[in-house]
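Each chain, written out:
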Amino acid sequence: MSLTDKAITRIRELIQSGDLPPGSRLPPEQQLAAELGLSRNLMREAVKALVVARVLEIRRGDGTYVTSLEPAVLLEGLGAAVELLQGDTQLELTEVRRLFEPIATAVAAERITHAELEELHHHLEAMRAAKDDVELLNQHDAAFHHIVTRATGNQTLASLLEGISSRTVRARVWRGMVDDAVADRTIAEHQAIYDALLAGDAALAQATALIHVSTTEKWLRAHLAGLGEDR
């Protein structure tokens, strides 16, 4: 472990112990460095790293604070990290979506509000209107799933799914560009999910979501296999 990593660990220990709770202001750099037995340079590097990780935030002219440490804050950088993944990770991300999203949809069926159902209906109708516009259709598709995950009331689960969504949305756009019949199937699958949520049927909601994600995964596997054969 590097000296910077050790400095990061020391600050994290203060946060985990409650000595620096969420929203609290860190002591001045020189004071904290002395209390932890660290050099000011090491302290500065550790703070920078924790700012990048959304554990700390620097407020100009006011000091350095511990963030809220809410999942939406700490996992905010997940999407950016996913964007940088190398290799054939598109299929892996779709598999992760298949594992998490049906369960999230089942939970949403038990917790979704009337207002959220109205939002889903709006995006479903917008998808129908945009069936010939792949990009726009997928924007409403992504918004639909965002509302469903938000309806779970589970910030950690919602943040994880949001973090992987950008790459999987691109796969769906790709599918729409090469498969002329996909729009009608996609809309029908979303309608089935909506109907299950409207009925408050968790088991049906999970099943419809699983079918929806699995069709995308199945198409992606076949298409990637075809590309591999062409190489």
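My aim in this report is to walk through the structure given alongside it, one point at a time.

Basis of the calculations
- Residues numbered from 1 in each chain as written.
- Predicted model: local features only at pLDDT ≥ 70, side-chain atom pairs only at ≥ 80, totals over all residues.
- Heavy atoms only, no water.
- Pairing = 2+ DSSP bridges.
- Helix = DSSP H or I, 4+ residues; strand = E, 2+ residues; numbered from the N terminus.
- Contact = heavy atoms within 4.5 Å.
- Core = buried A, V, L, I, M, F, W, Y, C linked by side-chain atoms within 4.5 Å.
- Buried < 20%, exposed > 50% of the residue type's maximum accessible area, 1.4 Å probe, protein only.
- 1 Å grid on protein atoms, 1.4 Å probe; cavity = no way out; pocket = protein on both sides within 12 Å on 5 of 7 lines; lining within 4 Å.
- Points joined across faces, edges and corners; volume = space filled by probe spheres on them.
- Nonpolar A, V, L, I, M, F, W, Y, C, P; charged D, E, K, R; others polar.

**Overview of the pairing of strand β1 (residues 56–59)**
- Sheet topology places β1 next to strand β2 (residues 63–66); four bridges connect them, and they run antiparallel. If you follow Arg59 over to β2, its bridge partner there is Gly63.
- Hairpin geometry of β1 and β2 is characterised by an intervening segment of three residues between the two adjacent antiparallel strands and by a positive phi of about 75° at Gly61.

**Quick look at the environment of Arg98**
- Along the chain, Arg98 turns up in helix α6 (residues 90–111).
- With residues up to four places along the chain from it excluded, the contact list for Arg98 reads Leu210, Val213, Ser214 and Glu217.

**Remarks on the nonpolar core**
- One finds Ile11, Ile15, Leu36, Met43 and Leu56 to be the most contacted residues of the largest nonpolar core, which totals 18 residues.
- Looking at this core, the elements that each hand over two or more residues are α1 (3–17), α2 (29–36) and α3 (40–52).
- The greatest single-element share of this core, amounting to five residues, is contributed by α1.
- Those residues in contact with Ile11 that sit more than four places away from it in its chain are Leu36, Met43, Ala46, Val47 and Leu50.
- Counting 17 residues, the second largest nonpolar core, distinct from the first, contains Ala108, Leu124, Phe144 and Ile193.

**Here's the deal with the side chain of Thr105**
- Structurally, Thr105 is set in helix α6.
- Beyond its immediate chain neighbours, meaning those up to four positions away, Thr105 contacts Val148, Ile193, Leu197, Ala205 and Ala209.

**Topic: the layout of surface pockets**
- Approximately 210 Å³ is the volume attributed to the largest pocket.
- Forming the boundary of the largest pocket are 13 residues, of which Leu26, Pro27, Pro28, Glu29 and Thr64 lie nearest the centre.
- Among the elements of the structure, α2, α3 and β2 are those that each provide at least two residues to the lining of the largest pocket.
- Counting residues per element, the lining of the largest pocket draws most heavily on α3, which supplies four residues.
- In terms of residue class, the lining of the largest pocket is made up of seven nonpolar, two polar and four charged.

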